[in-house]
Amino acid sequence: MKFKIYSDHLRDASSKFKLSMYSNIVMALIIAVLAINNQYLARTVRTIVVPTHLAAQIEFRGERASPEYSRVMLIYMTHLLYTYTPKSVAGQYKEFLAYVPAESLEAVKNNLQKRINQISKLRVNETFMPNADNDVIFLDDSTAVVDGRTIRRSGSEELATEDLVLKYSFRITNGGFRIDEVSLLTRGELTRLLRSLDK
């Protein structure tokens, strides 16, 4: 009788052991599949940060993005630089610096700091308004001109309205938008540039 009880216990323990071994093997296989899947996703999926006001569909193929993505990012960069108050300008310029490559960072940071000091001293607000007809003109895949105007105010008094034409050199690498160069153009320089490119 005792042998039968012992035999039953041994059979139960053996069955439980086999069941736990099968469970461990299945769990190990699931973990291996998930690890392989995560490795694949880490190499193929990118997170791309875009401004919240992006309305049109965008598409990425390798390091190339649809023109709409570049257009919206360039308008966004221009707003960071030319739509500010004395309180917001430091934060906006800090955000702009996140799009500047490391090799240019120090020089751009120094130039922006001079502007922050000047804006704080003069206590002016500025608002950038893109040109309604043709706000971004692409010269090639990595160069574009943003066209618009700025309105400068001190308190509620309007001080000036001026044309603003900025030429950007930019690139998209690993899903990240980078500003290589920004230069201020006059309206005449823009006209001559477009004539030379036949646009």
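Quantities reported herein were computed from a predicted structural model and do not represent experimental measurements.

A. Unusual backbone geometry, seen in detail. With a phi close to 60°, R123 is a non-glycine residue in the positive phi region. Examined against the element boundaries, R123 turns out to sit in the loop between α4 (102-122) and β3 (125-130).

B. Broad picture of the nonpolar core. Counting 30 residues, the largest nonpolar core has L74, M77, Y93, F96, Y168, F177 and I179 as the members making the most contacts within it. For this core, the elements supplying multiple residues, two or more each, are α2 (67-82), α3 (89-97), α4, β5 (143-154), β6 (157-173) and β7 (176-185). Here this core takes 9 residues from α2, the largest share from any one element. Look past the residues within four positions of I179 in its chain and what remains in contact with it is L74, M77, F96, Y99, V100, P101, Y168, S169 and F170. If you look at the next biggest cluster of nonpolar residues, it comprises 8 residues, including L139, V145, V165 and L193.

C. How the structure looks around a nonpolar patch on the surface. A surface patch of nonpolar side chains, amounting to about 350 Å² of accessible area, comprises Y22, I25 and L29. Residue classification places Y22 among the exposed positions, given a relative accessible area of 55%.

D. Region of interest: the side chain of S70. One can find S70 in helix α2. The contacts of S70, once residues within four sequence positions are left out, are F138, F170, I172 and F177.

E. Up close: α4. In this model, α4 (21 residues) spans 30 Å end to end at C-alpha, consistent with the 30 Å of a helix rising 1.5 Å per residue. At V108, α4 is bent by approximately 25°, the largest bend along its length. Among the residues making up α4, those that are buried are L112, I116 and I119. Where α4 is buried, its residues touch α2 and α3.

Here is what the cut-offs are and how they apply
Residues numbered from 1 in each chain as written. Predicted model: local features only at pLDDT ≥ 70, side-chain atom pairs only at ≥ 80, totals over all residues. Heavy atoms only, no water. Helix = DSSP H or I, 4+ residues; strand = E, 2+ residues; numbered from the N terminus. Core = buried A, V, L, I, M, F, W, Y, C linked by side-chain atoms within 4.5 Å. Buried < 20%, exposed > 50% of the residue type's maximum accessible area, 1.4 Å probe, protein only. Contact = heavy atoms within 4.5 Å. Patch = residues over 30% accessible without salt bridge, like charges linked within 9 Å, V, L, I, M, F, W, Y side chains within 5 Å. Areas by Shrake-Rupley, 256 points an atom, 1.4 Å probe, with all protein chains shown as cover. Salt bridge = Lys/Arg side-chain N within 4 Å of Asp/Glu carboxyl O. Expected span 1.5 Å × (residues − 1). Bend = angle between axes of the 7 residues up to and from the residue.

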